[in-house]
Amino acid sequence: MPANYDNSASFYDRLSRLVFGKALVNAQAWLLPRIPKDAKVLIVGGGTGWILDEISKLHPSGLSITYVEISANMMALSRKRNIGTNHVEFINKAVEDAGLPADFDVVITPFLFDNFTEDTLPRVFQHIHQTLKPGGLWFNTDFQLTGKWWQYAMLKSMLLFFKVLCGVPSWRLPDVGKQFNKFGYEVADEKSFFEDFVVSKVFRSRSVPAE
Ligand SMILES: C[S@@+](CC[C@H](N)C(=O)[O-])C[C@H]1O[C@@H](n2cnc3c(N)ncnc32)[C@H](O)[C@@H]1O
């Protein structure tokens, strides 16, 4: 059973701001100026959709966005966001079931993969990988453990909270870096937030066709 955030949609953003201040927003906002003009963008697990507001502040037009979110309640909130004159297709399904084309310039996965285990991660990762054009950009934001005890305590508390409320199946962060390596991505840029507990990375697919 995949995680479903329906039960937390009404308070998710308030809780996140209470615990992390603006760190989770800043971590994702740092990536957004790198979206190329007129790009085709896939967002997976965008939650309440505030990222659409942030994207539209920077890129009010020209983007074609596909927004995939498994939670109906999160999706309902997302549909109310300001999208400027960008085109947004909302798909209320698990990304694995969304039947997406393979022509995205940018893929964004913000705090998606901590919902998966070592066993379930490879399938979802491959699905998303197949949607990105050769040479495309993949923006991933997630928690990381850099050896500080409080990071470990916070992570366990969050996973327990969301396990009880939303059925998040994992007890630990799956090895997402291994998947990016396996599929030939290189890190083009990265920045840490919240004393290194949160990291945003820009990955570039190495599989650019020969010219
Ligand atoms: C931890 S929340 C992060 C929300 C948002 N990105 C943020 O930073 O505020 C993860 C989101 O991913 C969604 N999700 C989980 N598994 C999914 C899947 N397989 N396909 C699409 N969305 C999924 C959940 O419903 C939830 O809204």
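Above: the structure in question.
Residues numbered from 1 in each chain as written. Predicted model: local features only at pLDDT ≥ 70, side-chain atom pairs only at ≥ 80, totals over all residues. Heavy atoms only, no water.

### Focus: a nonpolar patch on the surface
Phase 1 of the analysis: The grouping of Leu160, Val164 and Trp171 at the surface amounts to a nonpolar patch, some 320 Å² of accessible area in total.
Phase 2 of the analysis: Summarising the element assignment, valine 164 is placed in helix H6 (residues 149-166). (Patch = residues over 30% accessible without salt bridge, like charges linked within 9 Å, V, L, I, M, F, W, Y side chains within 5 Å. Areas by Shrake-Rupley, 256 points an atom, 1.4 Å probe, with all protein chains shown as cover. Salt bridge = Lys/Arg side-chain N within 4 Å of Asp/Glu carboxyl O. Helix = DSSP H or I, 4+ residues; strand = E, 2+ residues; numbered from the N terminus.)

### Thoughts on the environment of leucine 32
Phase 1 of the analysis: Within the secondary structure, leucine 32 sits in the loop between helix H2 (23-29) and strand S1 (40-44).
Phase 2 of the analysis: Residues leucine 32 and histidine 59, 27 residues apart in the sequence, show an inter-C-alpha distance of 8.9 Å.
Phase 3 of the analysis: With residues near it in sequence (within four places) discarded, leucine 32 still touches Ile51, Glu54, Ile55, Leu58, His59 and Ile108. (Contact = heavy atoms within 4.5 Å.)

### Examining the pairing of strand S3 (residues 87-91)
Phase 1 of the analysis: Relative to S3, strand S2 (residues 64-68) runs parallel, the two sharing five bridges. Bridge pairing in S3 places valine 68 opposite isoleucine 91.
Phase 2 of the analysis: Once the chain exits S2 it traverses helix H4 (residues 72-78) before rejoining the sheet at S3, and the crossover so formed is right-handed. (Pairing = 2+ DSSP bridges. Right-handed = clockwise from strand over helix to strand, strands pointing away.)

### Brief notes about the site of the ligand
Phase 1 of the analysis: For the ligand, the set of nearby residues contains 21 residues, the closest of which are Gly45, Glu69, Val95, Glu96 and Pro110.
Phase 2 of the analysis: One of the side-chain nitrogen or oxygen atoms of tryptophan 50 is found 3.4 Å away from an oxygen atom of the ligand.
Phase 3 of the analysis: Proline 110 places a polar main-chain atom, nitrogen or oxygen, 2.9 Å from a nitrogen atom of the ligand.
Phase 4 of the analysis: Considered on its own, the ligand offers 590 Å² of accessible surface; in the complex 98% of this is hidden by protein.
Phase 5 of the analysis: Of the residues belonging to the shell around the ligand, the class tally is twelve nonpolar, six polar and three charged. (Near = heavy atom within 4 Å. Polar contact = N/O pair within 3.5 Å; in protein donor to acceptor, adjacent residues only side chain to side chain. Nonpolar A, V, L, I, M, F, W, Y, C, P; charged D, E, K, R; others polar.)

### Description of helix H3 (residues 50-58)
A turn of α-helix holds 3.6 residues, and therefore any two residues three or four places apart point the same way.
Phase 1 of the analysis: With respect to burial, H3 is a largely interior element, seven of its nine residues being buried.
Phase 2 of the analysis: For H3, the set of buried residues is Trp50, Ile51, Leu52, Asp53, Glu54, Ile55 and Ser56. (Buried < 20%, exposed > 50% of the residue type's maximum accessible area, 1.4 Å probe, protein only.)

### Topic: the packing of helix H1 (residues 12-20) against H6
Phase 1 of the analysis: Direction vectors running N to C along H1 and H6 enclose 165°, while the axes themselves pass 14 Å from each other. Classified by the angle between their axes, H1 and H6 sit roughly antiparallel to one another. Considering the relative orientation of H1 and H6, their crossing is right-handed. Residues Tyr12, Leu15, Val19 and Phe20 of H1 touch H6, and the partners they reach there are Met154, Met158, Phe161 and Phe162.
Phase 2 of the analysis: A per-class count over the contact of H1 with H6 returns eight nonpolar, no polar and no charged. (Axes fitted to C-alpha atoms, helices over the stretch in contact; angles between N-to-C directions. Parallel < 35°, antiparallel > 145°, perpendicular 65-115°, else oblique. Left-handed = near helix turned anticlockwise from the far one by under 90°.)

### Comments concerning the sheet that holds S2
Phase 1 of the analysis: Spatially, the seven strands line up as an open sheet ordered S3-S2-S1-S4-S5-S7-S6, and their pairing is mixed. Two strands bound the open sheet, and with one partner strand each, they are S3 and strand S6 (185-193). Neighbour to neighbour, the strand axes of the sheet diverge by 15° on average, direction disregarded.
Phase 2 of the analysis: Pairing of S1 with S2 involves five bridges; the strand directions are parallel. For valine 44, the partnering residue across the bridge sits in S2 and is valine 68.

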